[in-house]
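Chain by chain, the residues:
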Amino acid sequence: MSLEIQDSEFDIVIAALQPNLTTFFEAWRPFFSRFHIIVVKDPDLAEELQIPTGFDVKVYTKSDMGVLGATSIDFSGHSCRYFGYLVSRKKYVISIDDNCLPAKDNGGLIVDAVSQHMSNLKTPATPFFFNTLYDPFRKGADFVRGYPFSLREGVECMLSCGLWLHNADYDPMTHVVKRNQRNTTYVDAVMTVPIGAIMPVSGINVAFNREVLGPVMFPALRLRKDGKHRWDTLEDIWNGLCAKVVCDRLGYGVKTGLPYVIRSDAEAGKALESLKEWEGVKVMDDVLPFFQSVKLSTTATTVEDCVKELASIVKEKLGPQNAIFAKAADAMEEWAKLWESHGAQSS
Amino acid sequence: MATTVTAPSPSVPSTPLLKDELDIVIPTIRNLDFLEMWRPFFQPYHLIIVQDGDPTKTIKVPEGFDYELYNRNDINRILGPKASCISFKDSACRCFGYMVSKKKYVFTIDDDCFVAKDPSGKDINALEQHIKNLLSPSTPFFFNTLYDPYREGADFVRGYPFSLREGAKTAVSHGLWLNIPDYDAPTQMVKPRERNTRYVDAVMTVPKGTLFPMCGMNLAFDRELIGPAMYFGLMGDGQPIGRYDDMWAGWCMKVICDHLSLGVKTGLPYLWHSKASNPFVNLKKEYKGIFWQEDIIPFFQNATIPKECDTVQKCYIALSEQVREKLGKIDPYFIKLADAMVTWIEAWDELNPSTAAVENGKA
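Keep in mind that this is a model prediction, so the values were computed, not measured.

J.: Which parts of the structure should I look at to understand the overall build of chain A?
T.: Along chain A, the regular secondary structure elements total 11 helices and nine strands. Against the 2.2 N^0.38 benchmark of 20 Å for 347 residues, chain A shows a C-alpha radius of gyration of 19 Å, consistent with a compact globule. Taken over the C-alpha atoms alone, chain A extends approximately 55 × 50 × 45 Å along its principal axes. Of all 347 residues assigned to chain A, the portion counted as buried reaches 61%. If you take every contact in chain A between residues at least 6 apart in sequence, the share linking residues at least 24 apart comes to 77%. In the form shown here, chain A has an accessible surface area of approximately 12700 Å², with 51% of it arising from carbon and sulfur atoms. Here chain A contributes 37 positively and 44 negatively charged side chains, and the mean placements of these two sets differ by 2 Å.

Have a look at this one:
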């Protein structure tokens, strides 16, 4: 069931939270140069962006965001990348944080994260039963004994979640407590996240089918003190939870694991500062039970339907617990409108 | 009491040895030569050998191992009429070893499995890894994208709720195999040369609500937490099916673990699986299973255990009733199997009287 996917069907979307992207682009050049690239500049970033030549790149800035008209969606900080998702006209998007470089695998070879994401999206996902040898479509692997044959076709993978070596994606408390810990374990596996299972999707290194999943790939949940560090945000986590619930409802797959990127350090001292007013410590405790039990109706047969239904359930069940959830529900509905008017096109 | 070890061995563990708390259960019909390679790791432990097949044959146990050995005559003598639930001419008979063990933990391994090497070339102490897996919590309620958060060098990722970071008790540790992978007969026939050469350096929790094919070749579990659920079914001689023993146990076990909020881990350790069994023989054994599993899987996916079932035994009996009612329609074999499941629990409680009345986990 492997799909034929062309390079021309991909956009690489980069959120620029720092002005000098030279090192970033030079390191990724061998893997990015054949793709169209969308760079979205954080509207709060004042300096001019520095991007080396030789790339097919389009830069979007705060003024470009004006095309959306008045909107309640806040595209500042890490959320600026979602503007890129809106304006992309490709079927697939790959997005990597601007402080991440290509990693090396266990054999010392540089990992082409772009190709790995493409491979994850091209080959089926297997959400209905867990394969103990992980991705059965990978070379040298297969379904194990006891795996029902009727489930071996798999379903289309809509979301590919990669990982990070060196500076792992931890919350600020863990950064402070384990300031010297670095992720050095390269786990050579891709696997499907089973149906009914949920996980925190990190936006640092993702790829997805924009055509299908676009309406659910939104920056909806913002902490009151949403900052420039990844640990100040939860918008991707929320996005991922919504996307997984929708994928489960519609029979789409989500994969996690390879590819790795290598993520540079942020100053640990900043994590301590973020802890002062960090709302995130309690938010997920409310969010998780909600997502564990939410059930979308069988009449929701498209991603748009699912998002609309999910937004209203969020408003009803989570809204009363914390204003940020009511705002998230509004943002989800707003995104659905924006997607309809600006996003839902492919070339 | 757990003890730490400082004896010379290829990997000096700082993990407790648990030598008085863990039994190694090995089913065999041929010989136990493979134990020589495992000696550095297994010698401190008590072995329970379950000899399948001809009870008049003498299985030689290498010198220096502390063991008890049971053949079919012993099984019949000990269980009397209840021996009917223990398979003959199938490695499913190993679960007799689980029943007679007096220890908290069991590690079971096949006699064609050897010590593997990790990517650095070091011998893998599979038992030590299983112990690490069992002694550290599982995370069944939310998948941690960096896999086992309790592993050195790892942690819970951003977005993981703090209220879940204590984890759940780990009931089962499911290891993997390098070299000959555990494929079914059709896959073996189509890919006779495929070898698993990929060392995936991770342990992870199988999420709650997710089923998986549990292989009995390299498996450890907490007998006190889940033992009665580890019945390997009716297979082999006189039965219409084989090579589904561990699968059956795994599905029952997982439904019960989910109900009791216990965790199941899969991944490391690897061992080296050396023998590919004859695929034509395997096909004959698995044949019915390949079709039946299409109904069995949805059965387990939809199985619910009543809230009042707060012990493994109660959960298991409840499950057996559903097997009888729902799967019995597919083939009378399942009615026999449901009966055997009940017999197993009766036999378990008879041989393990102190745990029969104990509440295991929570519903």
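Resuming the write-up.
J.: When you look at the interface of chain B and chain A in this model, what are you seeing that I'm missing?
T.: By a frequent convention, interface size equals the accessible area lost on bringing the separate parts together. Every contact between the two is made by 58 residues of chain B and, on the other side, 62 residues of chain A. Both faces considered, chain B and chain A share a buried interface measuring about 4900 Å² in area, 59% of it formed by carbon and sulfur atoms. Considering only the side of chain B, the residues that lose the most area to chain A are Arg158, Phe162 and Arg198 of chain B, jointly responsible for 18% of the buried surface there. Where chain B touches chain A, the interface holds nine salt bridges. Among the salt bridges present, the one from Asp188 of chain A reaches Arg198 of chain B, with a minimum N-O distance of 3.7 Å.

J.: Could you clarify how one ought to interpret the packing of aromatic side chains in this entry?
T.: The relative placement of two aromatic rings is captured by the distance of their centres and the angle of their planes. All names here are of chain B. With the rule as written, the count across this model stands at 45 aromatic pairs over all chains. Look at Tyr199 and Tyr270: their rings are 5.0 Å apart centre to centre, the planes differ by 35 degrees, and that puts the pair in the tilted class. Here Tyr199, found in the loop between helix H5 (185-190) and strand S7 (203-205), pairs with Tyr270, found in strand S9 (residues 263-273); they are 71 residues apart in sequence, far enough to count as distant. The residues Tyr199 and Tyr270 share a single accessibility class, namely buried. With a centroid separation of 5.4 Å and an interplanar angle of 15 degrees, the aromatic rings of Trp292 and Tyr333 are classed as stacked. Here Trp292, found in helix H8 (residues 279-302), pairs with Tyr333, found in helix H10 (residues 333-351); they are 41 residues apart in sequence, far enough to count as distant. Using a relative accessible area of 8% as the deciding quantity, one classes Trp292 as buried.

J.: Sorry, what's going on with unusual backbone geometry here?
T.: Glycine aside, a negative phi is what most residues show, and trans is what most peptide bonds show. Note the cis peptide between Leu258 of chain A and Pro259 of chain A, where omega equals 10 degrees. Its location among the elements puts Pro259 of chain A in strand S9 (residues 253-263). Leu268 of chain B connects to Pro269 of chain B through a cis peptide bond whose omega is 10 degrees. Here Pro269 of chain B lies in strand S9. A positive phi angle, near 60 degrees, is found at Tyr147 of chain B, a position not held by glycine. Inspection of the secondary structure assignment puts Tyr147 of chain B in the loop between helix H4 (126-135) and strand S6 (170-179). What makes Tyr147 of chain B buried here is its relative accessible area of 4%.

J.: Would you explain the pairing of strand S8 (residues 205-209) of chain A in this entry?
T.: If a strand is regular, its side chains alternate between the two faces of the sheet. Residues and elements named next belong to chain A. Taking burial as the measure, the five residues of S8 include five buried ones, the bulk of the element. Going residue by residue along S8, you find Asn205, Ala207 and Asn209 tucked away on one face and Val206 and Phe208 tucked away on the opposite face as well. In this sheet, S8 lies alongside strand S4 (residues 92-96) in antiparallel orientation, the contact comprising five bridges. When the bridges of S8 are listed, Ile96 appears paired with Asn205. Inspection of the sheet shows strand S6 (residues 157-166) paired to S8 by three bridges, in the antiparallel sense. The partner of Cys161 across the bridge, within S8, is Val206.

J.: Sorry, what's going on with helix H7 (residues 235-250) of chain A here?
T.: Since the α-helix packs 3.6 residues into each turn, any two residues three or four apart lie on the same face. Residue and element names in this part refer to chain A. For H7, which comprises 16 residues, the first-to-last C-alpha distance of 22 Å matches the rise-based estimate of 22 Å (1.5 Å per residue) to within 8%. The buried fraction of H7 amounts to 15 of the 16 residues, a majority that puts the element mostly inside the structure. Two residues or fewer past H7, Gly251 is found with a positive phi of approximately 75 degrees.

J.: I keep staring at the pattern of salt bridges and nothing clicks. Help me out?
T.: Once their charged atoms are close, side chains differing in charge can pair, the charge on each being opposite to the other. For the structure on display, the rule yields 40 salt bridges over all chains. For the salt bridge of Asp169 of chain A with Arg158 of chain B, the shortest nitrogen-to-oxygen distance reads 2.8 Å. You can see Asp169 of chain A sitting in the loop between S6 and helix H5 (172-177) and its partner Arg158 of chain B sitting in the loop between H4 and S6, one on each of two chains. Overall, the relative accessible area of 2% leaves Asp169 of chain A in the buried class.

J.: Can you walk me through the packing of helix H3 (residues 80-87) of chain A against helix H11 (residues 323-343) of chain A in this structure?
T.: For any two helices packed against each other, the geometry comes down to the angle between their axes and how far apart the axes lie. Residue and element names in this part refer to chain A. One can describe the packing of H3 onto H11 by two numbers: an axis separation of 9 Å at closest approach and a directional angle of 45 degrees. Looking at the two axes, H3 sits oblique to H11. Judged by residue contacts, Tyr82, Tyr85 and Leu86 of H3 engage Trp335, Leu338, Trp339, His342 and Gly343 from H11. A breakdown of the residues in the contact of H3 with H11 according to their chemical character gives six nonpolar, two polar and no charged.

J.: Just checking my understanding: could you explain the nonpolar core for this structure?
T.: Soluble globular proteins: nonpolar side chains tend toward being buried together. Formed by 248 residues in total, the largest nonpolar core has its most connected members in Phe32 and Trp238 of chain A together with Ile226 and Trp248 of chain B. Sorting elements by how many residues they give to this core places H10 of chain B first, with 11 residues. Not counting the four nearest positions on each side in its chain, Ile226 of chain B is found in contact with Ala171, Val172, Phe221, Met253, Ile256, Cys257, Leu262 and Val312 of chain B.

J.: It is not clear to me how the side chain of Asp42 of chain A should be interpreted in this structure. Could you clarify?
T.: All names here are of chain A. Along the chain, Asp42 falls in the loop between strand S2 (36-41) and strand S3 (56-60). In this structure Asp42 comes out as buried when scored by relative accessible area, which is 2%. A distance of 2.9 Å separates a polar side-chain atom of Asp42 from the backbone nitrogen of Gly77. A polar contact of 3.1 Å, which involves the side chain of Asp42, links it to the side chain of Lys228.

Criteria and cut-off values
Residues numbered from 1 in each chain as written. Chains lettered and ligands numbered in written order. Predicted model: local features only at pLDDT ≥ 70, side-chain atom pairs only at ≥ 80, totals over all residues. Heavy atoms only, no water. Helix = DSSP H or I, 4+ residues; strand = E, 2+ residues; numbered from the N terminus. Rg over C-alpha atoms; globule rule 2.2 N^0.38 Å. Buried < 20%, exposed > 50% of the residue type's maximum accessible area, 1.4 Å probe, protein only. Contact = heavy atoms within 4.5 Å. Areas by Shrake-Rupley, 256 points an atom, 1.4 Å probe, with all protein chains shown as cover. Lys, Arg positive; Asp, Glu negative; His and termini not counted. Charge placed at Lys NZ, Arg CZ, Asp CG, Glu CD. Buried area = accessible area lost by both parts, 1.4 Å probe. Salt bridge = Lys/Arg side-chain N within 4 Å of Asp/Glu carboxyl O. Phe/Tyr/Trp six-rings, centres within 6.5 Å; stacked < 30°, edge-to-face > 60°. Pairing = 2+ DSSP bridges. Expected span 1.5 Å × (residues − 1). Axes fitted to C-alpha atoms, helices over the stretch in contact; angles between N-to-C directions. Parallel < 35°, antiparallel > 145°, perpendicular 65-115°, else oblique. Nonpolar A, V, L, I, M, F, W, Y, C, P; charged D, E, K, R; others polar. Core = buried A, V, L, I, M, F, W, Y, C linked by side-chain atoms within 4.5 Å. Polar contact = N/O pair within 3.5 Å; in protein donor to acceptor, adjacent residues only side chain to side chain.

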